[in-house]
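Working through the structure, step by step
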Amino acid sequence: MALELYNTLSRKKEIFTPLDAAHVRMYVCGPTVYDFAHLGNARPVVAFDVLFRLLKSLYPRVTYVRNITDVDDKIMQKAKDTGEKIDSITTRTTEAYHDDMAALLALPPTIEPRATAHIAQMQALIQKLIENNHAYVAEGHVLFNVPSMPEYGQLSRRSRDELIAGARVDVAPYKKDPADFVLWKPSTADQPGWDSPWGRGRPGWHIECSAMAKEHLGVTFDIHGGGLDLIFPHHENEIAQSRCAHGGAALANYWVHNGFLTIHQDKMSKSLGNFFTVRDLLAQAPGEALRLALLAAHYRQPLDFSPEALQKAKQTLDGWYGALRNHAVVQAEETAPSETFQNALLDDLNTPLAIAEIHKLAGMLNRTAISLPAFNRIRKGTIKGQLLAAGKALGLLQQDPEAWFRWTPAGQKTLSDADIEAQITARNAARTARDFAEADRIRKALAEAGILLEDKPEGTIWRRT
Ligand code: AMP
Ligand code: ZN
């Protein structure tokens, strides 16, 4: 089966055919760095990380670009509100973003361009648009003239009336058309700004992505991604800018958008205040459980988040890691994921189906269906191999099961690993001395401290509850 992706441009699932099978190129809009990422912001990161992993397994070279927007009015506002310097805000937030996304087991993108390092490219693009009569200068601003592009609106399929209604909120007097949008705006002396042919100023948000995508991926590339909310106006405007500057050439062939992460069916967002930061959630559950919770629904569907859903993901992983721990001695076969699993991912990243397949494999590993020990061992090696391969494709199940079971919530007082091992040794000594009351006392005391013991033929293992 070939990879199929739902393309927002055609509103259809299409077979993915890269422009160059030797080098696949993908751009995903990254964060505006002024505050900690919330779980909604993490959804595209995890969804496109699964796509990145899949593409890497199918093609020899994949370049994945995800930008950092480090010049934006929200950042300026934050600096004003807190007194913290803009540089400090963007550096600190970018670092936190890297840490949080790594905790969610997302691979770093191949290239992570920062907007402020691409001002010259943005200015060159704007200059081209002015020369082509797609943009004009007005009161220190440069605006893209929407009526200059008859195909404008193809991605979002908005009518002219809807476009104007959407733009009406900030119809500035210097706009020729209400739908026109800003490419460059003037900065006052105390605002971040760069010299330009149109005066000292700063770029609009949309032109940042057009310029960074062109710089790192060329005029036309394969996949452009982001959350559903970016279709209009952000992606529509990226397309307008890039196509009009590049003689009409397409910006990207496949437009892929993730659905919203919701809380009680409302979009998780800073403005509604109904958000959990990734950072706070990481104090409550392992990043891998958050990742699984984010993959539980198909990436295009809405996904309602709740503490219960997170607990369920953690318990599911307990079960999978439990199967791996129960078969620690079984040698995993080096193998590709099963066909059912692979086909699920190839079908527009059907992660719920892929997860169901992992569930089945973990269940099979735990069942002793065949009594012939040698045959059983071989079969278990294959199943364990498939389980690990499937896990890897989703960025899951790659840690030592013992480490998984030893995870503790941040800030919670708990016995150290060494203390627990010492208690287990004491309990074993008591058992050897047939002092079962003492052995039982130690087991109970550990249970009260949240440590569960399990006696196995090869010794006693433990886990935190
Ligand atoms: P922002 O920093 O708001 O530009 O968002 C960064 C990325 O997160 C964009 O791709 C957004 O579409 C995405 N995003 C923001 N909120 C949500 C949400 N609640 N669910 C899914 N994606 C979101
Ligand atoms: Zn963008």
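For clarity, every value in this text was computed on a predicted model and none was experimentally measured.

**Overview of the pairing of strand 1 (residues 4–7)**
Side chains Leu5 and Asn7 of strand 1 all project onto a buried face; the interleaved residues Glu4 and Tyr6 project onto a face where none is buried. Relative to strand 2 (residues 12–15), strand 1 runs antiparallel, the two being bridged by four bridges. Residue Asn7 lies in a different strand from strand 2, and its bridge partner there is Lys12. In this structure, the hairpin formed by strand 1 and strand 2 is closed by a connection of four residues, where Arg11 is found at a positive phi of approximately 55 degrees.

**Some details on the sheet that holds strand 11 (residues 261–263)**
Pairing in this open sheet of three strands is mixed, and the strands run 12-11-13 from one edge to the other. Every interior strand has two partners, whereas the edge strands, strand 12 (266–267) and strand 13 (303–304), have only one. Sheet topology places strand 11 next to strand 13; two bridges connect them, and they run parallel. In the sheet register, Leu261 faces strand 13, and the bridge partner there is Leu303.

**Notes on unusual backbone geometry**
The omega torsion across Phe232 and Pro233 is 0 degrees, close enough to zero to call that bond cis. By secondary structure assignment, the location of Pro233 is in helix 7 (residues 231–245). The phi torsion at Arg11 lies on the positive side, around 55 degrees, for a residue other than glycine. Its place among the elements puts Arg11 in the loop between strand 1 and strand 2. A relative accessible area of 30% places Arg11 in the partly exposed class. At Glu139, a position not held by glycine, the phi torsion is positive, near 50 degrees. Mapping Glu139 onto the fold places it in the loop between strand 5 (135–138) and strand 6 (141–144).

**Quick look at the nonpolar core**
Judged by nonpolar contacts, the single largest core of 72 residues is most densely connected at Leu39, Leu55 and Leu394. With 11 residues, helix 1 (residues 39–58) is the largest single contributor of residues to this core. Setting aside chain neighbours within four positions, we find Leu55 in contact with Leu3, Phe16, Val24, Met26, Val62 and Ile223. Membership of the second largest hydrophobic core comes to 41 residues, among which are Val65, Met149, Leu163 and Ala211.

**Regarding the coordination of the zinc ion (ligand 2)**
Ligation of the zinc ion (ligand 2) by protein atoms is provided by Cys29 (SG), Cys209 (SG), His234 (NE2) and Glu238 (OE), these donors lying 2.0 to 2.4 Å from the ion. Metal-centred angles of 78 to 129 degrees between the four donor atoms at the zinc ion (ligand 2) mark the site as irregular. Here the donor residues of the zinc ion (ligand 2) share one chain and are spaced in sequence as C-x179-C-x24-H-x3-E. A residue pair is termed long-range when its members are at least 10 positions apart, and Cys209 in helix 6 (residues 205–217) and Glu238 in helix 7 qualify at 29 residues.

**Remarks on the site of ligand 1**
The environment of ligand 1 is formed by 15 residues, the closest being Gly40, Gly227, Asp229, Leu261 and Met268. In the model, a nitrogen atom of ligand 1 is placed 3.3 Å from a nitrogen or oxygen of the Asn258 side chain. Here a nitrogen atom of ligand 1 and a backbone polar atom of Leu261 are 2.7 Å apart. Burial of ligand 1 by the surrounding chains reaches 88%, relative to a free accessible area of 490 Å². Mapped onto the shell around ligand 1, the elements with two or more residues apiece are helix 1 and strand 9 (221–227). Top element by residues in the shell around ligand 1 is helix 1. It accounts for three residues. Taken together, the residues that form the shell around ligand 1 break down as five nonpolar, eight polar and two charged.

**Side note on the side chain of His206**
In this fold, His206 is placed in helix 6. Engagement of the side chain of His206 in a polar contact is seen with the side chain of His234, the distance being 2.9 Å. A polar atom in the side chain of His206 sits 3.3 Å from the side chain of Asn237.

Thresholds applied
Counting restarts for each chain, with residues numbered from 1 along the sequence as it is written. All chains are assigned letters beginning at A, and all ligands numbers beginning at 1, according to the order in which they are written. Under the rules for a predicted model, residues below a pLDDT of 70 receive no local features and side-chain atom pairs below 80 are neither given nor counted, while totals for whole chains, interfaces and linings still include all residues. Based on all heavy atoms of the structure, the side-chain values leave hydrogens and waters out of the count. Summary of the burial criterion: residues with accessible area below 20% of their type's maximum are buried, those above 50% are exposed, and those between are partly exposed, where the area comes from a 1.4 Å probe applied to protein chains only. Each helix is a run of H or I in the DSSP string that is no shorter than four residues. Each strand is a run of E no shorter than two, and both are numbered from the N terminus. Between any two strands, pairing holds if DSSP finds at least two bridges. In this description, a nonpolar core means a group of buried Ala, Val, Leu, Ile, Met, Phe, Trp, Tyr and Cys residues linked to one another through side-chain atoms lying within 4.5 Å. It only takes one pair of heavy atoms within 4.5 Å for two residues to be counted as in contact. Sites may look incomplete, because water is not among the atoms used; the donor set itself consists of N, O and S atoms within 2.8 Å of the metal (3.2 Å for Na, K and Ca). Any site counts as irregular unless it has four donors with all angles between 85 and 135 degrees, making it tetrahedral, or four or six donors with opposite ones more than 155 degrees apart and the rest between 65 and 115, making it square planar or octahedral. The cutoff for a nearby residue is simple: one of its non-hydrogen atoms must lie within 4 Å of the molecule or strand. A 3.5 Å cut-off defines polar contacts: any pair of N or O atoms within that distance qualifies, except that in protein one atom must be a possible hydrogen donor and the other a possible acceptor, and neighbouring residues in sequence count only when both atoms are side-chain atoms. Method for areas: the Shrake-Rupley scheme with a 1.4 Å probe, in which residue coverage is limited to the protein chains shown. Polar here means any residue other than Ala, Val, Leu, Ile, Met, Phe, Trp, Tyr, Cys and Pro, which are nonpolar, and Asp, Glu, Lys and Arg, which are charged; Gly is therefore polar.

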